[in-house]
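Survey of secondary and tertiary structure
Here are the chains, one letter per residue:
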Amino acid sequence: MTKIRIWDLPTRLFHWALAICFAAMFVSGKIGGGAMTWHFRIGYVVASLLLFRLAWGLCGGRWSRFSAFVCHPRSILSHLRGKGRFEHSIGHNPAGTVSILMMLFFLLAQVTSGLFSEDKGEAIGPLSLFVTQATVRWVTAYHKNVGQAVLLLLVSLHLAAIAFYFLWKKNNLITPMITGDKLLPDNVQPSSDAPSRRLAGAILFLACAGAVRWIVGLGD
Ligand code: HEM
Ligand code: HEM
């Protein structure tokens, strides 16, 4: 067994930045009023992070790519029965993959709905002027009621699953998401995490932030 790089630095930074921003989005959304300025600003960071992760899923490190994500129902069942294939537990395991894809999907829906939401005419989503008031009302209702509840549930399940792996399965998934490394047989192919790849990740993130700025600017 040897230490093998599984999560490249861009993936780890994405994860921890997303976790911090998510907490900030909930707090600022609940406070409302003046805090909505921050709700919007941090929301644009979340949007940039999500766009970045979608792109990194195509061109990132070996184990961060969507092509390495296995979530076939048969693989999920085998994994849950403890009979999963070894190579399916190197990166995200099949059950984790389902939860991760659902979190990404509902986070995208939350950010998109936020762009079209309005808080009694006070905090106005930058794209709400492009749709009718009726659309603004149902999108805001989704954002405030459905979206936030689904995300709270998914993130709670995410944290409960991580705790379950740590306490019952004696499998610490948190340290690899911090250091990037897992203890694995020598023949496992690592994720490339060279300085040039990290630079590519940084440039990609800036491009995503630029795209978000452009989209938000459409409402000016
Ligand atoms: C202190 C809080 C958190 C901890 C300890 C934590 C821990 C982890 C760990 C250990 C993984 C890797 C799981 C695996 O090996 O398959 C992971 C992945 C992930 N987590 Fe969290 N997480 C936290 C908060 C959050 C929050 C708040 C969100 C969403 C809003 C989130 C979204 C994700 C996503 C999207 C991935 C996949 C990462 C990727 O492939 O890019 N996490 N998390
Ligand atoms: C991950 C991303 C996001 C999360 C988790 C989130 C969460 C929340 C929460 C918890 C609330 C308070 C709902 C309540 O009163 O119970 C809220 C309200 C709101 N959010 Fe977000 N939000 C996100 C992204 C965004 C974005 C990107 C925008 C706009 C650019 C936005 C615009 C709004 C508006 C206008 C409200 C006020 C709705 C009202 O009170 O009528 N949100 N959000």
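Residues numbered from 1 in each chain as written. Chains lettered and ligands numbered in written order. Predicted model: local features only at pLDDT ≥ 70, side-chain atom pairs only at ≥ 80, totals over all residues.

Each helix and strand counted, the protein chain has seven helices and four strands in total. For the protein chain, the N- to C-terminal ordering of α and β elements is β-α-α-α-α-β-β-α-α-β-α. Its C-alpha atoms give the protein chain a radius of gyration of 19 Å, within 12% of the compact-globule value 17 Å for 220 residues. Seen through its C-alpha atoms, the protein chain measures out along the principal axes to roughly 60 × 40 × 25 Å. Here the protein chain holds 220 residues, and the buried ones make up 25% of them. Excluding contacts between residues fewer than 6 apart, the proportion of contacts in the protein chain whose partners are at least 24 apart in sequence is 68%. (Helix = DSSP H or I, 4+ residues; strand = E, 2+ residues; numbered from the N terminus. Rg over C-alpha atoms; globule rule 2.2 N^0.38 Å. Buried ≥ 20, exposed ≤ 12 C-beta atoms within 10 Å, placed from the backbone. Contact = placed C-beta atoms within 7 Å.)

Bringing the site of ligand 1 into the picture now. Neighbouring ligand 1 are 20 residues, the closest being Ala19, Phe22, His92, Gly96 and Leu173. Breaking the shell around ligand 1 down by element, the ones donating at least two residues are helix 1 (9–31), helix 4 (94–115), helix 5 (133–167) and helix 6 (174–179). Per-element tally for the shell around ligand 1: the top contributor is helix 1, with six residues. Classifying every residue of the shell around ligand 1 by side-chain character gives 13 nonpolar, six polar and one charged. (Near = placed C-beta within 6 Å. Nonpolar A, V, L, I, M, F, W, Y, C, P; charged D, E, K, R; others polar.)

Taking 1.5 Å as the rise per residue, helix 5 with 35 residues should run 51 Å; its terminal C-alpha atoms sit 49 Å apart, in good agreement. The sharpest bend along helix 5 measures roughly 40 degrees and falls at histidine 143. Among the residues of helix 5, those classed as buried are Val139, His143 and Gly147. In the core, the buried residues of helix 5 are packed alongside helix 4. (Expected span 1.5 Å × (residues − 1). Bend = angle between axes of the 7 residues up to and from the residue.)

Ligand 2 sits among 24 residues. The nearest are Met25, Gly29, Gly43, Gly114 and Asp119. Among the elements of the structure, helix 1, helix 2 (36–59), helix 4, strand 2 (118–119) and helix 5 are those that each provide at least two residues to the shell around ligand 2. Across the shell around ligand 2, the residue classes break down as 10 nonpolar, 10 polar and four charged.

Contact pair helix 2 / helix 4: the axes reach a minimum separation of 10 Å and the direction vectors enclose 140 degrees. Regarding the angle of helix 2 to helix 4, the classification is oblique. The handedness of the crossing between helix 2 and helix 4 comes out as left-handed. Residue-level contacts link Gly43, Val46, Ala47, Leu50 and Arg53 of helix 2 to Leu104, Leu107, Leu108, Val111 and Gly114 of helix 4. For the contact of helix 2 with helix 4, the residue count by class is seven nonpolar, two polar and one charged. (Axes fitted to C-alpha atoms, helices over the stretch in contact; angles between N-to-C directions. Parallel < 35°, antiparallel > 145°, perpendicular 65-115°, else oblique. Left-handed = near helix turned anticlockwise from the far one by under 90°.)

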